[in-house]
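Structure at a glance
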Amino acid sequence: MSVLAFTENWDGKFKKISFELVSYAHQLAVQMGTHSVVVSIGNVPEEELTKLCHYGASKIIKVDDSRIDGLVNKAYAAIITQVAEKESADVVVFSHNFTGKALAPRVAVKLKAGIASGVNAMPDSLQPFIVKKGVFTGKAIGHIAIKSPKKILTLFPNSVETVASDEKATIESFTPQLTDAHFATK
């Protein structure tokens, strides 16, 4: 059991939302009594990956496939699903941005997971799993219950504070099982 966070990078660098995701995943993992794992896809220097340790990542999985040049939904979803299965992730966290909104539903289908998008706080409860999100253009708060064993969350940017951690992370390389079909445009 673990909490997995997908950290998007921009030309090999992480932005604030990546650190928010890692911090959120770490806090959720502590709440659940487990550990957090981060997956990074693409060419990211090791010194950049180690920045994720400061926000609670206990393991960083680096995926660098020469065929990945930019966002390819099918390939990214397959990679994240494979990592989630390898790490026995019960919760996968994405950013609620263009990339996260594109990938989260695909991964949810592959993992047969319930999904809550635009989450803006830590869960109110773990049994049942209840999270908050803004509704009616932010004028109200909705409470979403996810009853499936696997859960997918998209975290609304700037909704949680980053919390520093002194976690020591290991960095592992992962080679996904991808075919040419994962990169097909049709």
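On a predicted model such as this, the values are computed, not experimentally measured, just so you know.

Let's talk about the overall build of the protein
- Each helix and strand counted, the protein has four helices and ten strands in total.
- Secondary structure elements in the protein, listed N-terminal to C-terminal, are β-α-β-α-β-α-β-α-β-β-β-β-β-β.
- Its C-alpha atoms give the protein a radius of gyration of 15 Å, within 12% of the compact-globule value 16 Å for 186 residues.
- On the principal axes, the C-alpha backbone points of the protein span a range of 45 × 40 × 30 Å.
- In the protein, buried positions account for 53% of the 186 residues.
- Residue pairs at least 24 apart in sequence account for 72% of intrachain contacts in the protein once pairs closer than 6 positions are excluded.
- Total accessible area on the protein stands at roughly 9100 Å², and carbon and sulfur atoms take up 53% of it.

Remarks on helix H3 (residues 73–86)
- Helix length check: H3, at 14 residues, gives a terminal C-alpha distance of 20 Å against a target of 20 Å (1.5 Å per residue), a fit within 8%.
- Burial analysis of H3 places ten of its 14 residues in the buried class, which makes it a mostly covered element.
- Structurally, H3 contributes buried residues whose contacts are with strand E1 (2–7), strand E2 (35–41), strand E3 (59–63), strand E4 (89–95) and helix H4 (98–111).
- Positive phi appears at serine 88, one or two residues downstream of H3, with a value of about 50°.

Rules used throughout
Residues numbered from 1 in each chain as written. Predicted model: local features only at pLDDT ≥ 70, side-chain atom pairs only at ≥ 80, totals over all residues. Heavy atoms only, no water. Helix = DSSP H or I, 4+ residues; strand = E, 2+ residues; numbered from the N terminus. Rg over C-alpha atoms; globule rule 2.2 N^0.38 Å. Buried < 20%, exposed > 50% of the residue type's maximum accessible area, 1.4 Å probe, protein only. Contact = heavy atoms within 4.5 Å. Areas by Shrake-Rupley, 256 points an atom, 1.4 Å probe, with all protein chains shown as cover. Expected span 1.5 Å × (residues − 1).

Remember, this is a structural readout, not a statement about activity or role.
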